[in-house]
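Reading the structure
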Amino acid sequence: MTTIATQAPPMRYPKLAQPWIALALSILAELGIALFVLNVVAVPLIAVWVGIPLLLAFVPAARWFANCHRTMLAGFLGERIPRPYKKPPMPGILMWLRTTLTDPATWRDIIWLLVNAVIGFTLCLLSAVLFLASLFYLVYPLLVGVTPEGVFTEPFGGLVTVNFWTSFLVTPVALIAFMIWYAAGERLLKANAFMARSLLGPTESAKLALRVRELAESRAETVDTQAAELRRIERDLHDGAQARLAALSMNLGMAEEMVARDPAQAAALLTEARESASTALSELRDLVRGIHPPVLADRGLEGAVKALALSCPFKVDVTFDVPGRPAAPVESAAYFAVAECLANAVKYSAATNAWIQITHEEEKLHMIVGDDGVGGAVIRPGGGLYGIERRLAAFDGTLTVVSPSAGPTTVIMELPCESSSLKTTPSSGTA
């Protein structure tokens, strides 16, 4: 099973698949006319309440139709077209209807239905017809050879009699049509995709509003995560080191009272106190390691990741190519993300090998963690992968999980990390 947590780049269509996609788009463009008419007719009928159930049916249908085109046309653009719809502030049908009717994206969808039925239809049909014409004239001699005489008209004004041999005179037409399609067919489809993006994509104000909403959600989740982390630290201190230190203090006090009248019992209490101190110290070290591992501060991200790899019960190959050290918050987020991925691989994947690749390209820290396990990794609220996603989202990072049921599992993570933030240190190389 594959779960994509973020928007991965869409795959581009093969060249020979484009004519058939263009033909399908041209047919869908004309079907969109029906949705355009139904939505436009339903709006004035709101005054007599008939339009409300109509809009509840037709607006979602138009949005679904537009979303299908956003997905299909992304293959020509090389990037996905965002869905800029507003969310209702409160539940309820009337609130949804009010939000939908006041949403500019709704009316842009309806305008696009009309524009697509004219311009989109023309561009897609022209791209498909160029290829189909080249295909038709290429097999034209075969059609002439297998059909009775008189079915095909005489070309060139009756100057040439159509037969199997003279039908090859139109072969150059097939070649010319194919060359035109090869040069312009994809450009026509891209022009349609750009036109659709201009109407179906978010406006600058919508992009700003969407960005503000994402930042607000990210900030709220980061605050919740930090609060949960503080509660965990407080609980670990209270139930662990604090309790042991309290017991240590009591043992030392009892030993102080018994040292004169019962030296043997005092020695036993001191031995117990020493063991409690050692255990408390170990728990404090574990707690500090969970907050910010000392190996990360001392040896940087490369050394910390290699230390993680050595601690795994199976072989882990590490490839690290980062010029210098990232900023401390980015370095910490990257370390814990990789650590959680390896922990998941150890717990659930039944893997025998894993690999980690960390590089810095295009002002981003790219991290890939994979294993040859059973796969089936999914992102669930409260799970480890969900925690990684939220941790990276605080830095505008992304997470993509590819984990088919038969394996392997690949986790792709990206963190914005400008070159200017890389610090030169002896342990990490030269920035």
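Residues numbered from 1 in each chain as written. Predicted model: local features only at pLDDT ≥ 70, side-chain atom pairs only at ≥ 80, totals over all residues. Heavy atoms only, no water.

This brings us to the overall build of the protein. Helix and strand content of the protein: 11 helices and 5 strands. Taken across its 431 residues, the protein has 36% of its residues classed as buried. When contacts within the protein are restricted to residue pairs at least 6 apart in sequence, those whose partners lie at least 24 apart make up 71%. By element, 65% of the accessible surface of the protein is carried by carbon and sulfur atoms, the whole surface being about 24,100 Å². (Helix = DSSP H or I, 4+ residues; strand = E, 2+ residues; numbered from the N terminus. Buried < 20%, exposed > 50% of the residue type's maximum accessible area, 1.4 Å probe, protein only. Contact = heavy atoms within 4.5 Å. Areas by Shrake-Rupley, 256 points an atom, 1.4 Å probe, with all protein chains shown as cover.)

As a further point, take the sheet that holds strand β5 (residues 409-416). One open sheet accounts for 5 strands, arranged β1-β2-β3-β5-β4; its pairing is mixed. Because the sheet does not close on itself, it has two edges, and the strands there are β1 (315-321) and β4 (398-402). Direction aside, the axes of adjacent strands within the sheet are offset by 10° on average. Where strand β2 (residues 353-361) lies against strand β3 (residues 364-371), 8 bridges are found, and the strand directions are antiparallel. Within β3, the position partnered with Ile 356 by the bridge is Val 369. Seen against the sheet, helix α9 (residues 294-311) touches β1, β2 and β3 and runs at an angle of roughly 170° to β1. Of the strands in this sheet, β1, β2, β3 and β5 are in contact with helix α10 (residues 328-349), which crosses β3 at around 10°. (Pairing = 2+ DSSP bridges. Axes fitted to C-alpha atoms, helices over the stretch in contact; angles between N-to-C directions.)

With that settled, consider the pairing of β2. Looking along a regular strand, one sees side chains alternate from face to face of the sheet. Bridge analysis of β1 against β2 gives 7 bridges, and the strand direction is parallel. Across the sheet, Thr 319 pairs through a bridge with Gln 357, a residue of β2. Crossover connection from β1 via α10 to parallel β2: handedness left-handed. What sits between the antiparallel neighbours β2 and β3 is a turn of 2 residues, in which Glu 362 has the positive phi angle 50°. (Right-handed = clockwise from strand over helix to strand, strands pointing away.)

Taken as a whole and assessed by the stated rule, the structure comprises 8 salt bridges. For Lys 315, the salt bridge is made with Asp 317, and the minimal N-O distance between the two is 3.9 Å. (Salt bridge = Lys/Arg side-chain N within 4 Å of Asp/Glu carboxyl O.)

The rolling of a water-molecule-sized probe over the atoms marks out the regions of remaining empty space. Counting across every chain of the model gives 4 cavities of 30 Å³ or more. Taken as a whole, the second largest cavity encloses approximately 40 Å³ of empty space. Around the second largest cavity sit Asn 39, Val 59, Ala 62, Arg 63, Thr 106, Asp 109 and Ile 110, which together line it. Elements with a minimum of two residues in the lining of the second largest cavity: α2 (51-77) and α4 (104-138). A breakdown of the residues in the lining of the second largest cavity according to their chemical character gives 3 nonpolar, 2 polar and 2 charged. (1 Å grid on protein atoms, 1.4 Å probe; cavity = no way out; pocket = protein on both sides within 12 Å on 5 of 7 lines; lining within 4 Å. Points joined across faces, edges and corners; volume = space filled by probe spheres on them. Nonpolar A, V, L, I, M, F, W, Y, C, P; charged D, E, K, R; others polar.)

Another point: the side chain of Asp 103. With respect to the helices and strands, the residue Asp 103 is situated in the loop between α3 (93-101) and α4. On the basis of relative accessible area, Asp 103 is assigned to the buried category, the value being 2%.

This part covers the nonpolar core. If you look at the biggest cluster of nonpolar residues, it comprises 39 residues, and the most contacted ones within it are Val 338, Ile 358, Leu 365 and Met 413. At the level of elements, α9, β1, α10, β2, β3, α11 (384-393), β4 and β5 are the ones that each hand at least two residues to this core. Looking at this core, the element that brings in the most residues is α10, giving 11 residues. Counting 25 residues, the second-largest nonpolar core is a separate cluster that includes Leu 35, Ile 110, Trp 112 and Ala 128. (Core = buried A, V, L, I, M, F, W, Y, C linked by side-chain atoms within 4.5 Å.)

Compared with the 26 Å implied by 1.5 Å per residue over 18 residues, the 15 Å span of α9 between its first and last C-alpha is markedly short. For α9, the principal kink sits at Gly 300 and spans about 130°. Check the buried side of α9 and you find it contacts β1, α10, β2 and β3. (Expected span 1.5 Å × (residues − 1). Bend = angle between axes of the 7 residues up to and from the residue.)

Time to look at the environment of Ala 34. Here Ala 34 is to be found in helix α1 (residues 18-42). When its relative accessible area of 44% is taken as the criterion, Ala 34 is described as partly exposed.

Attention now moves to the confidence of the model for the protein. For the protein, the average pLDDT comes to 78, and 78% of its residues sit at 70 or higher. Predicted confidence is poor over residues 1-8, with pLDDT under 50, and the contacts of this stretch with residues over four places away or in other chains come to 26 contacts. pLDDT under 50 marks residues 424-431. Its contacts with residues more than four places away, or in other chains, come to 17 contacts. (pLDDT = per-residue confidence, 0-100.)

This part is about α10. Between the first and last C-alpha of α10 there are 30 Å, a value that for 22 residues agrees with the 32 Å anticipated at 1.5 Å per step. Two residues or fewer past α10, Ala 350 is found with a positive phi of approximately 55°.

Before going further, it helps to spend a moment on the packing of aromatic side chains. For any pair of aromatic rings, the description consists of the separation of the ring centres together with the inter-plane angle of the planes. Evaluated as defined, the whole model comprises 8 aromatic pairs. Seen from their ring centres, Phe 178 and Trp 181 are 5.5 Å apart, and the 40° between their planes marks the pair as tilted. Of this pair, Phe 178 and Trp 181 are both found in helix α6 (residues 171-200), 3 residues apart, which corresponds to roughly one turn of the helix. Judged by its relative accessible area of 33%, Phe 178 falls in the partly exposed class. Ring centres of Trp 181 and Tyr 182 lie 6.3 Å apart, and the angle between their planes is 65°; this geometry places the pair in the edge-to-face category. What links up through ring pairs into an aromatic cluster is the set Trp 20, Phe 131, Phe 178, Trp 181 and Tyr 182. One Lys or Arg, Lys 15, reaches over the ring of Trp 181 and ends 5.5 Å from the middle of that ring. Its end group placed over the ring of Tyr 85, Arg 63 keeps NZ or CZ at 4.0 Å from the ring centre. (Phe/Tyr/Trp six-rings, centres within 6.5 Å; stacked < 30°, edge-to-face > 60°. Lys NZ or Arg CZ within 6 Å of the ring centre and 35° of its normal.)

As a further point, take the environment of Ala 394. Along the chain, Ala 394 turns up in the loop between α11 and β4. When the C-alpha positions of Ala 394 and Ala 333 are compared, they lie 9.4 Å apart, and in sequence the two are 61 residues distant.

To continue, consider the side chain of Ser 26. Take Ser 26: it is sitting in helix α1. For Ser 26, the contacting residues outside a window of four places in its chain are Phe 121, Cys 124 and Leu 125.

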